[in-house]
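Coordinates in review
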Amino acid sequence: MSILDAAKGAAQATIQAAMGKLVPLAPDSWIPGGIPDPLIRRQHGVIGAALSRLDGPLKVQGAARFAAEFPLDDMVYAALAYATIPRGRIAGLDVAAAEAAPGVVLVMTHHNAPRMNQPAVFGSSPEAAGPADLPIMQDDRIHWNGQPIAVVLAETQEQADHAVSLIGATYAPEPATTSLAAAKAAGPQPGLFMGQPLRNEIGDAEAMLAAAPHRVDQLYRTPRHNHNAIELHGATIAWIDGGLVVHDASQLVSAEAATLAGVFDLDVAQVRVTSPYVGGGFGGKCLWDHQILGAAAARLAARPVRIVLSREGVYRGVGGRTLTEQRVAIGAEADGRFRALIHSGIAAMSPHNNMPEPFILGTRSGYAADSFSLSVETVTMNMLANTFMRAPGESVGTFALESAIDEMAVELGIDPIALRIRNEPDKDPTSGLPFSSRDIVEAWRAGADRFGWAQRSATPGTRREGEWLIGMGCATATYPYYRMPGAAARITLGRDGKAVVEVAAHEMGMGTATTTTMVAAERLGLPIDAVEVRYGDSIIPGAILAGGSQQTAAIGAAVIAAHRALVADLLKLAGNDSPLAGLSADEVGCEDGGLVKLDEPTRRESYASILDRAQRETVVAAEEASPPLELMHWSMHSHGAMFCEVRVNTVTGETRVSRFLGSFDCGRILNAKTARSQFRGGIIMGLGMALMEETQFDERNGRIMNPSLSEYHIPVHRDVPEIDVIWTDIADPHTPMGAHGIGEIGITGVAAAVANAVYNATGKRIRDLPITLDKLL
Amino acid sequence: MSISINGALAELPQDPRVSLLDFLREDLHLAGTKKGCNQGACGACTVLVDGERILSCLALAVQYDGRAVTTIEGLAEGGVLHPLQQAFIEHDGFQCGYCTPGQICSAIGMATEARRGAASHVTADLTAAVTLSREELQERMSGNLCRCGAHNGIIDAIGEMVAAELAA
Amino acid sequence: MTPFTYARAADPDDALRLAARDGTAYLGGGTNLVDLMRETIAQPARLVDVSGLPGAIEETDEGGLLIGAAVRNSALAEHRLVRTRYPVLGRALLAGASAQIRNMATVGGNLLQRTRCAYFYDSDGSRCNKRAPGSGCDAVAGFNRNHAILGASPACVATHPSDMCVALAALDATVQLQSAQGARTLPFAELHRLPGEHPERDTMLAPGELITAIALPPLPAAARSTYRKVRDRASYAFALVSVAAVIELDGDRIADVRIAFGGVAHKPWRAARAEALLRGGPATPAAIRAAAAAEFADAAPLRDNGFKVELATRTLVATLGDLVGATA
Ligand SMILES: Cc1cc2nc3c(=O)[nH]c(=O)nc-3n(C[C@H](O)[C@H](O)[C@H](O)COP(=O)(O)OP(=O)(O)OC[C@H]3O[C@@H](n4cnc5c(N)ncnc54)[C@H](O)[C@@H]3O)c2cc1C
Ligand code: FES
Ligand code: FES
């Protein structure tokens with residue numbers, strides 16, 4: 001980070017601190033969500049229905065067009081060469097054979113790459129999406145093992161791939177830190193997440209721990225992970241009339257367009273990033289070097305470019321989740337009340353990014369305790385920038401915390417669910433804010449009933465069938481409710497009674513396109529087939545990141561704002577001859593294709609009639625969402641109770657998950673069908689994390705050694721049991737639609753539930769992931 | 001040298017390096033067949049050759065001279081979805097939809113194998129008739145990865161197809 | 001991929017003729033070779049497609065099986081005689097890869113598939129004596145969870161990844177070969193090599209030699225056989241350890257037993273020592289454990305793979321125990 005960025009960060013932090021003091025004290029009604037969204041009260045509409053995906057027919061026919069599938073005339077194909085040392089300089093690059101190879105159009109290296117500005121690194125400003133604080137192919141410096149060092153363009157992919165294999169590189173290596181031990185020896189630094197320190201100290205936790213009658217104090221380890229979306233990262237890129245068009249697989253079209261504009265000295269309006277379908281994202285489909293290199297090469301060659309990373313290329317060039325080492329220590333009374341809760345440790349980071357895997361976030365609001373000491377520190381390794389991956393922080397943080405709580409339950413001889421409920425806080429234990437909604441106890445109760453928790457024996461190793469030991473475990477799932485600033489929506493309502501809603505959001509499989517249509521239809525009082533949602537295009541105003549499970553809320557708030565403006569416009573157009581004459585936007589609602597006075601339903605007029613009279617084909621309203629002050633006014637979180645049954649083979653140590661239940665408290669569910677899939681998807685990724693996933697980073701040279709889907713194991717069909725999902729469906733009164741985002745909570749708590757079940761089955765406590773069979777032999 | 005793709009004849013590529021997958025996607029613009037690894041490790045590129053499921057990423061197109069390939073684009077007939085495609089929608093057997101064409105083609109090939117009486121790794125008695133339990137379906141579909149975690153919906157959808165076949 | 005020419009062989013002689021020049025490779029289903037060519041680990045100038053050679057499965061006069069090299073893995077697993085007489089082979093085939101790959105993979109190609117060692121695969125960034133003779137071995141002190149505990153050398157600690165081959169090793173199969181010099185037959189145990197000083201050579205095949213068939217001798221009617229594979233996920237993963245076992249009982253004594261381990265060595269590991277100890281003795285867990293201990297007495301575990309000794313031992317005890325139990 002530069003000094004300037006640090007200063008900006010500090011300024012931002014000061015403003016935030018001031019706001020942080022004032023906003024909590026403001027009356028609810030001043031805060032977004034202070035007056036509940038009227039849609040929360042609508043119980044009989046389409047919201048909550050189990051609707052099949054609207055893009056389903058396209059997807060099952062292979063007709064949905066992904067980024068690497070846009071045909072462009074005169075297009076060339078790209079291939080990349082990657083560095084093989086972790087740090088140093090390129091001493092020599094021999095590209096003659098590649099240049100002479102058949103079909104080659106361009107070999108681009110730092111010698112001939114166009115001059116480009118360094119992309120603004122993610123987090124340095126709201127529009128910044130750069131992967132790291134590094135120039136891209138502008139000099140001979142190597143910063144990680146796997147950094148792209150050359151781009152070949154050729155007429156066919158086969159020619160490009162062949163030519164790139166002919167490039168010879170020599171290096172002048174420099175000392176690199178590629179082992180965790182060396183990184184630790186160099187000293188940890190305090191972690192800063194979104195400008196805020198990752199540290200909470202309340203009371204003297206160490207002293208209270210020491211004085212507590214019961215103690216658990218353990219170290220937990222989680223390895224690196226990769227997102228491994230099945231769609232390879234790819235983009236189809238063209239320069240058209242001096243402007244840049246990138247058909248990408250992106251979770252942040254607007255920020256990507258802004259960042260690319262900065263890199264190439266363009267006006268934001270000259271850059272268009274589309275992302276109509278994303279073949280899985282999970283935090284990995286953001287801006288990395290390949291889009292910038294593809295655009296640079298396309299400019300140099302004056303030809304459109306298709307760049308698709310190989311699977312290995314994804315591992316070399318797209319960061320994943322970093323490793324963590326976490327200490328969790330709990331001091332408790334004999335009745336289970338927590339006196340001290342300590343959760344601290346380290347996460348590895350590269351020198352050029354700022355993503356300290358914030359594993360304490362869930363702990364901040366999880367349990368009541370008399371004292372807290374929470375912190376994340378970072379150690380620096382020469383490696384590819386690590387990044388967000390599904391539930392950054394909570395996914396690995398809950399493994400440590402929820403394992404430790406299970407250990408405490410064993411220590412105390414208290415049922416682990418009872419222990420959790422005993423420490424249920426009545427307000428946020430570290431911020432002191434009231435919860436906007438929190439019905440986790442209800443989730444535990446319903447889940448325990450349904451799962452048959454009462455059948456579990458607390459004594460490990462007591463259930464056996466043939467070679468298999470059977471055990472049950474549970475854990476709390478948690479993820480914050482986020483809503484980021486900058487979202488906007490544009491609604492175009494036509495005389496034909498049809499509406500187009502545009503949001504710069506993304507469909508990566510979460511069901512966003514479908515739920516947004518449902519919610520907009522409900523809000524506009526239109527049938528679903530009268531509403532078309534457009535998304536995934538940076539020319540749409542506003543910026544909505546598909547991350548932090550915030551898309552649903554961000555879209556919701558933006559559509560609320562645009563809808564309000566639309567209603568006001570319609571009332572204006574309706575004029576004095578309308579039954580609605582004289583009413584304000586707050587007095588009317590939308591129903592049956594028109595406006596209606598809320599407390600006097602006979603006063604109504606259809607959109608068609610209003611527009612007819614006004615002689616207008618359409619009315620358009622575009623508005624930005626309110627700033628997300630609610631996040632400073634309430635403590636806002638989703639919760640879940642996770643239940644797992646495992647079978648552990650006494651011969652081989654193999655673990656199979658035989659049953660899983662997620663019981664969620666995530667506000668109101670918008671679409672039962674796609675929501676169930678989201679929860680399950682998170683849980684399944686959690687099963688992978690628990691049992692098999694690990695990016696193998698060779699500590700001798702910082703090289704990832706399992707860069708393929710056959711060596712990096714993700715769950716296959718046979719690893720996945722039928723996963724049961726239930727939810728409280730209790731609306732959060734302070735969020736749009738009463739809903740919470742649900743994309744990430746599913747993965748949280750899972751690894752701990754599995755580990756706790758393995759303990760219950762075998763009596764073995766595994767504290768480092770993944771739980772592979774050798775650890776259970 | 002020619003190959004039949006969804007019933008239409010196509011000229012094979014000149015360059016023998018071109019995989020059946022890239023031939024479909026880049027030359028014929030049939031991008032419904034997906035590339036997830038290009039290494040045989042994900043199943044996204046599954047197509048049917050003379051009714052058998054194979055991985056088109058590990059297949060050199062020239063090697064399939066004279067064969068009949070069916071891709072995801074060839075399943076719906078006259079605008080009517082194949083029953084399995086419909087079942088995938090009903091059971092939400094996908095999220096991002098990227099692994100989906102491979103899952104569907106694979107399941108159709110799987111059903112053919114089972115009809116023939118082929119056993120699987122989890123079949124207890126290799127000589128007995130096949131019954132497609134959930135575990136059997138899971139094992140037989142394990143060559144198709146899904147990172148979104150649509151596994152339950154996928155198996156439900158396939159189970160519906162298999163059940164319908166048995167009933168018929 | 002480096003450019004190459006492609007030709008389809010009509011019959012074995014045609015194949016040998018087409019493959020006469022250096023730099024030619026036979027192409028089976030392509031599931032391993034195409035991948036290795038894409039990684040530029042294999043760079044043949046010519047491919048001779050032998051996947052269309054006559055591939056039949058025939059019962060021999062003695063009651064064994066003759067399996068054409070072009071037979072697909074799935075077809076072999078489905079064959080009635082494999083299911084009824086050679087369950088160890090059927091199960092090994094079904095434990096391998098995925099259904100799609102088994103539909104493509106040929107028997108000949110399966111025999112000659114190369115190791116999955118990550119350093120072998122990392123053609124740009126790692127040293128590997130198998131890929132680049134004399135360059136060194138980065139696996140010895142690197143990630144070697146999947147690597148050999150038996151028969152390795154300082155030059156190479158890779159394992160042979162095939163499941164089918166482990167069963168063939170236990171079945172005393174023979175491999176039928178053809179070359180310009182004529183036809184010959186090789187006992188299966190002599191097909192694959194230990195790495196020694198020359199890990200670049202996986203097998204005893206001469207350059208250009210063509211595998212035409214595998215012959216399985218008949219199994220005694222009383223023999224029971226099975227295959228058990230242990231891996232890091234439930235399916236679609238290579239073996240950490242696997243056991244192929246054939247056993248014949250005489251009352252409660254072991255009349256004959258044949259054992260091969262997968263995942264432990266540079267070749268399917270026929271456990272001759274263990275077999276000798278078990279023959280004529282009781283099939284008790286203690287006896288089997290003792291036999292395994294003798295077999296693994298020389299095991300030389302690396303950083304990450306020490307667990308394989310215990311895992312293989314336990315898997316053997318359970319597998320033989322199941323077979324014995326099945327006869328009772
Ligand atoms: C993702 C993945 C997972 C896998 N998992 C497993 C697993 O779990 N267990 C397992 O056992 N295998 C596994 N495999 C490997 C698979 O079994 C092999 O790739 C396959 O058996 C090779 O057969 P093929 O016909 O495709 O060979 P090819 O790739 O065509 O050829 C392989 C080699 O054999 C040579 N060859 C082929 N035929 C002949 C012949 N007749 N005479 C002489 N030489 C010949 C070729 O020149 C080449 O060197 C996996 C593969 C992949 C891609
Ligand atoms: S693309 Fe063919 S198996 Fe992954
Ligand atoms: S639906 Fe996204 S990978 Fe399967």
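Residues numbered from 1 in each chain as written. Chains lettered and ligands numbered in written order. Predicted model: local features only at pLDDT ≥ 70, side-chain atom pairs only at ≥ 80, totals over all residues. Heavy atoms only, no water.

Next up on the list: the overall build of chain C. Along its length, chain C carries 12 helices and 12 strands. In summary, chain C has a C-alpha radius of gyration of 19 Å against a globular reference of 20 Å for 328 residues, a match within 12%. If you line up chain C on its principal axes, its C-alpha atoms span 60 × 50 × 35 Å. A separation of at least 24 residues holds for 63% of the contacts in chain C among residues at least 6 apart in sequence. Only carbon and sulfur atoms are counted for the fraction: they give 53% of the accessible area of chain C, which is about 11600 Å². Between the mean site of the 35 positive side-chain charges and the mean site of the 33 negative ones, chain C shows a separation of 4 Å. (Helix = DSSP H or I, 4+ residues; strand = E, 2+ residues; numbered from the N terminus. Rg over C-alpha atoms; globule rule 2.2 N^0.38 Å. Contact = heavy atoms within 4.5 Å. Areas by Shrake-Rupley, 256 points an atom, 1.4 Å probe, with all protein chains shown as cover. Lys, Arg positive; Asp, Glu negative; His and termini not counted. Charge placed at Lys NZ, Arg CZ, Asp CG, Glu CD.)

Glancing now at the site of ligand 1. Around ligand 1, the structure places 34 residues, and the nearest of them are Tyr26(C), Thr31(C), Leu33(C), Thr106(C) and Asp163(C). Taken together, the residues near ligand 1 originate from chains B and C. In this structure, Ala97(C) approaches ligand 1 through a main-chain N or O atom, which is 2.9 Å from an oxygen atom. Taken by itself ligand 1 offers 980 Å² of open surface, and the protein chains cover 95% of this. Looking at the shell around ligand 1, the elements that each hand over two or more residues are β2 (24-27), α7 (107-112) and β8 (210-216) of chain C. In terms of residues, the shell around ligand 1 owes the most to one element, α7(C), which gives four residues. (Near = heavy atom within 4 Å. Polar contact = N/O pair within 3.5 Å; in protein donor to acceptor, adjacent residues only side chain to side chain.)

Moving on, we come to the sheet that holds strand β27 (residues 618-624) of chain A. Residue and element names in this part refer to chain A. Taken in spatial order, the four strands of this open sheet run β23-β22-β21-β27, and their pairing is mixed. Edge positions in the open sheet fall to β23 (531-534) and β27, since each of these has one partner strand only. Here the strands of the sheet are splayed against their neighbours by 15 degrees on average, with no regard to which way each runs. Strands β21 (488-494), β22 (499-502) and β23 of the sheet are contacted by helix α14 (residues 512-524), whose axis makes an angle of about 135 degrees with β23. Across the sheet, helix α15 (residues 551-574) is in contact with β21, β22 and β27; its angle to β27 comes to roughly 140 degrees. (Pairing = 2+ DSSP bridges. Axes fitted to C-alpha atoms, helices over the stretch in contact; angles between N-to-C directions.)

Accessible area lost when the parts come together is the quantity often used to give the size of an interface. Contact residues are listed per partner, giving 55 residues for chain B and 56 residues for chain A. Together, the buried faces of chain B and chain A total about 4300 Å²; carbon and sulfur atoms form 56% of this surface. Of all residues in chain B, Gln95(B), Arg147(B) and Asn152(B) bury the most surface against chain A, accounting for 19% of the area lost on that side. In this assembly, chain B and chain A are joined by eight salt bridges. Of the charged contacts, one joins Arg53(A) and Asp92(B) as a salt bridge, the two residues approaching to 2.6 Å between their closest N and O atoms. (Buried area = accessible area lost by both parts, 1.4 Å probe. Salt bridge = Lys/Arg side-chain N within 4 Å of Asp/Glu carboxyl O.)

This brings us to the pattern of salt bridges. On inspection of all chains with the given rule, the structure shows 86 salt bridges over all chains. Between Glu135(B) and Arg718(A) there is a salt bridge whose closest N-O contact spans 3.3 Å. Taken together, the positions of Glu135(B) in helix α4 (residues 134-140) and Arg718(A) in the loop between β31 (703-704) and β32 (723-727) put the pair across two chains. Taking the relative accessible area as the measure of exposure, Glu135(B) reaches 40% and is therefore partly exposed. Judged by relative accessible area, which is 15%, Arg718(A) ranks as buried. Between Asp202(C) and Lys130(C) there is a salt bridge whose closest N-O contact spans 2.7 Å. Of this pair, Asp202(C) sits in the loop between β7 (182-187) and β8 while Lys130(C) sits in the loop between α8 (118-121) and α9 (164-170), placing them 72 residues apart in sequence. Judged by relative accessible area, which is 13%, Asp202(C) ranks as buried. Residue classification places Lys130(C) among the buried residues on the basis of a relative accessible area of 4%. Residues joined by salt bridges that share partners form a network here, namely Asp172(C), Asp256(C), Arg258(C), Arg270(C), Glu275(C) and Arg279(C). (Buried < 20%, exposed > 50% of the residue type's maximum accessible area, 1.4 Å probe, protein only.)

Let us look at the sheet that holds strand β29 (residues 655-665) of chain A. Residues and elements named next belong to chain A. With mixed pairing, five strands are arranged side by side in an open sheet as β19-β20-β28-β29-β32. Looking along the sheet, the strands with just one partner apiece sit at the ends: β19 (463-465) and β32. Ignoring strand direction, the axes of neighbouring strands in this sheet form an average angle of 25 degrees. Bridge count for strand β20 (residues 468-480) against strand β28 (residues 637-649) is 13 bridges, and the pairing is antiparallel. Bridged to Tyr 479 within β28 is Ser 638. The strands touched by helix α19 (residues 750-762) within the sheet are β20, β28 and β29, with β20 carrying the most contacts at an inclination of about 155 degrees.

Okay, the nonpolar core next. Ranked by size, the top nonpolar core spans 195 residues in total, and within it Phe660(A), Val754(A), Leu20(B) and Ile158(B) carry the most contacts. Ranked by the residues each element gives to this core, the list is headed by α15(A), at 12 residues. Leu106(A), Met116(A), Val151(A) and Phe264(A) belong to the second largest nonpolar core, which has 52 residues in total. (Core = buried A, V, L, I, M, F, W, Y, C linked by side-chain atoms within 4.5 Å.)

Turning to the packing of aromatic side chains, a few remarks are in order. Residues and elements named next belong to chain A. Under the definition given, this model contains 15 aromatic pairs over all chains. Centroid distance Trp 444 to Phe 643: 5.4 Å. Interplanar angle 80 degrees. Geometry classified as edge-to-face. Placement of the pair is Trp 444 in helix α13 (residues 440-451) and Phe 643 in strand β28, with a sequence separation of 199 residues. Taking relative accessible area as the criterion, Trp 444 reaches 2% and is therefore assigned buried. Note on Phe 643: relative accessible area 0%, which makes it buried. (Phe/Tyr/Trp six-rings, centres within 6.5 Å; stacked < 30°, edge-to-face > 60°.)

Here we take up the domain arrangement of chain B. All names here are of chain B. For chain B, the assigned domains read domain 1 (2-74) and domain 2 (83-167). Placing the centre of domain 1 and that of domain 2 at their C-alpha centroids yields a distance of 21 Å. The interface of domain 1 with domain 2 comprises 16 residues on the first partner and 18 residues on the second. Here domain 1 packs against domain 2, burying approximately 1300 Å² in sum over the two surfaces, 53% of which is carbon and sulfur. (Domains from an automatic or database assignment.)

On to the domain arrangement of chain C. Taken domain by domain, chain C consists of domain 1 (5-51) and domain 2 (225-327). Taken over C-alpha atoms, the centre of domain 1 of chain C sits 36 Å from the centre of domain 2 of chain C.

Attention now goes to the interface of chain B and chain C. Residue-level contacts link 42 residues of chain B with 36 residues of chain C. Our count for the chain B to chain C interface comes out at two salt bridges. Connecting chain B to chain C are 23 residue pairs in polar contact (both at pLDDT 80 or more). Those elements that place two or more of their residues in the side of chain B that touches chain C are β4 (52-55), α3 (100-116) and α4 of chain B. Ranked by residues supplied to the side of chain B that touches chain C, first place goes to β4(B) with four residues. In terms of residue class, the side of chain B that touches chain C is made up of 17 nonpolar, 16 polar and nine charged. (Nonpolar A, V, L, I, M, F, W, Y, C, P; charged D, E, K, R; others polar.)

Before going further, it helps to examine the side chain of Ser98(C). Among the secondary structure elements, Ser98(C) is positioned in the loop between α5 (87-95) and α6 (99-104). Those residues in contact with Ser98(C) that sit more than four places away from it in its chain are Gly143(B) and Tyr236(C).

It is worth spelling out the confidence of the model for chain C at this point. Averaged over every residue, the pLDDT of chain C is 97; the share at 70 or more is 99%. Both scores are available for the predicted complex, with the pTM at 0.98 and the ipTM at 0.98. (pLDDT = per-residue confidence, 0-100.)

Residues and elements named next belong to chain A. For strand β17 (residues 338-349), the buried fraction is high: 11 of the 12 residues fall into the buried class. Across nine bridges, strand β16 (residues 324-332) lies against β17 in antiparallel orientation. Across the sheet, Glu 325 pairs through a bridge with Ile 346, a residue of β17. Where β16 folds back onto β17 in an antiparallel hairpin, the turn is made up of five residues, including Gly 336, whose phi is positive at roughly 100 degrees. Judged from the 10 bridges that link them, β17 and strand β18 (residues 371-380) form a sheet pairing that is parallel. Note on β18: the bridge partner recorded for Ala 347 is Thr 378.

Residues and elements named next belong to chain A. Running from amino to carboxyl end, helix α11 (residues 394-412) crosses α19 at an angle of 35 degrees, the nearest separation of the two axes being 8 Å. Between α11 and α19 lies a crossing of right-handed hand. Contact residues: Thr 398, Phe 399, Glu 402, Ser 403, Asp 406 and Val 410 in α11; Ala 751, Ala 752, Ala 755, Asn 756 and Tyr 759 in α19. Within the contact of α11 with α19, the residues separate by chemical class into six nonpolar, three polar and two charged. (Left-handed = near helix turned anticlockwise from the far one by under 90°.)

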